[in-house]
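Chains, contacts and geometry: an overview
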Amino acid sequence: AETIQREALAIREMVLGNEHQDVAWSLRALAWVLRDEGKLAEAETVQRELVALGEKTSDKNYPDQSESLANLAHLLQGQNKLPEAEASYRKALGLRRKILGNWHRDVVSTLGELIDVLLSQRKFAEGDRLFNELLPPGMENQPQSAGLLRSWCHFYARIARWIEAVGDFTQAVQLDPEEHLTWFK
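Notes on the structure in this doc start here.

What counts, and where the lines are drawn
- Residues numbered from 1 in each chain as written.
- Predicted model: local features only at pLDDT ≥ 70, side-chain atom pairs only at ≥ 80, totals over all residues.
- Heavy atoms only, no water.
- Salt bridge = Lys/Arg side-chain N within 4 Å of Asp/Glu carboxyl O.
- Helix = DSSP H or I, 4+ residues; strand = E, 2+ residues; numbered from the N terminus.
- Buried < 20%, exposed > 50% of the residue type's maximum accessible area, 1.4 Å probe, protein only.
- Contact = heavy atoms within 4.5 Å.
- 1 Å grid on protein atoms, 1.4 Å probe; cavity = no way out; pocket = protein on both sides within 12 Å on 5 of 7 lines; lining within 4 Å.
- Points joined across faces, edges and corners; volume = space filled by probe spheres on them.
- Axes fitted to C-alpha atoms, helices over the stretch in contact; angles between N-to-C directions.
- Parallel < 35°, antiparallel > 145°, perpendicular 65-115°, else oblique.
- Left-handed = near helix turned anticlockwise from the far one by under 90°.
- Nonpolar A, V, L, I, M, F, W, Y, C, P; charged D, E, K, R; others polar.
- Phe/Tyr/Trp six-rings, centres within 6.5 Å; stacked < 30°, edge-to-face > 60°.
- Lys NZ or Arg CZ within 6 Å of the ring centre and 35° of its normal.

We now examine the pattern of salt bridges. The tally for this structure, following the rule as stated, stands at 20 salt bridges. The closest approach of N and O atoms between glutamate 67 and arginine 28, which form a salt bridge, is 3.9 Å. One end of the pair, glutamate 67, is in helix α4 (residues 63–78); the other, arginine 28, is in helix α2 (residues 21–36), with 39 residues separating them in the sequence. Residue classification places glutamate 67 among the partly exposed residues on the basis of a relative accessible area of 28%.

And the structure:
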């Protein structure tokens, strides 16, 4: 699969030039293949190239750029490059919040990934600050806040703040009782 993706990338670059959107798709596919093969350092290099291409060629608010940044952060996290992963997740979160708002599932997912990195670095106060920023007082009773509350619950549970975790979990279930994932996390 890697050979095919490298050949496809070379052909697209030759025919379309280095800054075409189809070249970006080939870079993304190659990075995924390398990651799946366990070649994280090579995948990181390709993913960095994709991020640079996105910064150079597209609107920096383009959703694909936030995905590229999140994928880079994931690769960095997998290599235990936590400060770099944190920075990349922060950029992805900022873009996603700007494009999608605080309530979108991609924002909540990216926040969860960033929280994992912060927890690995024992930056508990920073995790708490982020949740407070995304879910200001008075918003915790809104139905759209259920996803953030679930994430906050898991954060509190992981740092042994059980009473707060139970409160957030209870609130999330009340706001969205049909969300089956709540019961399995």
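Our focus in this paragraph is the side chain of asparagine 71. Looking at the element boundaries, asparagine 71 is found in helix α4. The contact partners of asparagine 71, leaving out residues within four places of it in the chain, are Trp32 and Gln47.

Enumeration over the complete set of coordinates arrives at one cavity of 30 Å³ or more. Around the largest cavity, the lining residues are Ala31, Trp32, Arg35, Gln47, Asn71, His74 and Leu75. For the lining of the largest cavity, the secondary-structure elements that each account for two or more residues are α2 and α4.

With that settled, consider the packing of helix α8 (residues 146–158) against helix α9 (residues 162–175). At a closest axis distance of 8 Å, the pairing of α8 and α9 adopts a crossing angle of 160°. In terms of orientation, α8 lies roughly antiparallel with respect to α9. α9 is crossed by α8, and the crossing has left-handed handedness. Together, Ala146, Leu149, Arg150, Trp152, Cys153, Tyr156 and Ala157 of α8 and Trp162, Glu164, Ala165, Asp168, Phe169, Gln171, Ala172 and Leu175 of α9 make up the contact between the two elements. A breakdown of the residues in the contact of α8 with α9 according to their chemical character gives eleven nonpolar, one polar and three charged.

Turning next to the packing of aromatic side chains. Evaluated as defined, the whole model comprises four aromatic pairs. Ring geometry for phenylalanine 155 against tyrosine 156: centres 5.7 Å apart, planes inclined by 40°, an arrangement best described as tilted. Note on accessibility: phenylalanine 155 and tyrosine 156 belong to one class, buried. The rings of Phe131, Trp152, Phe155 and Tyr156 are connected pair by pair, giving a single aromatic cluster. Here the guanidinium or amino end of arginine 28 rests over the ring plane of tryptophan 25, the centre of that ring lying 4.6 Å away.

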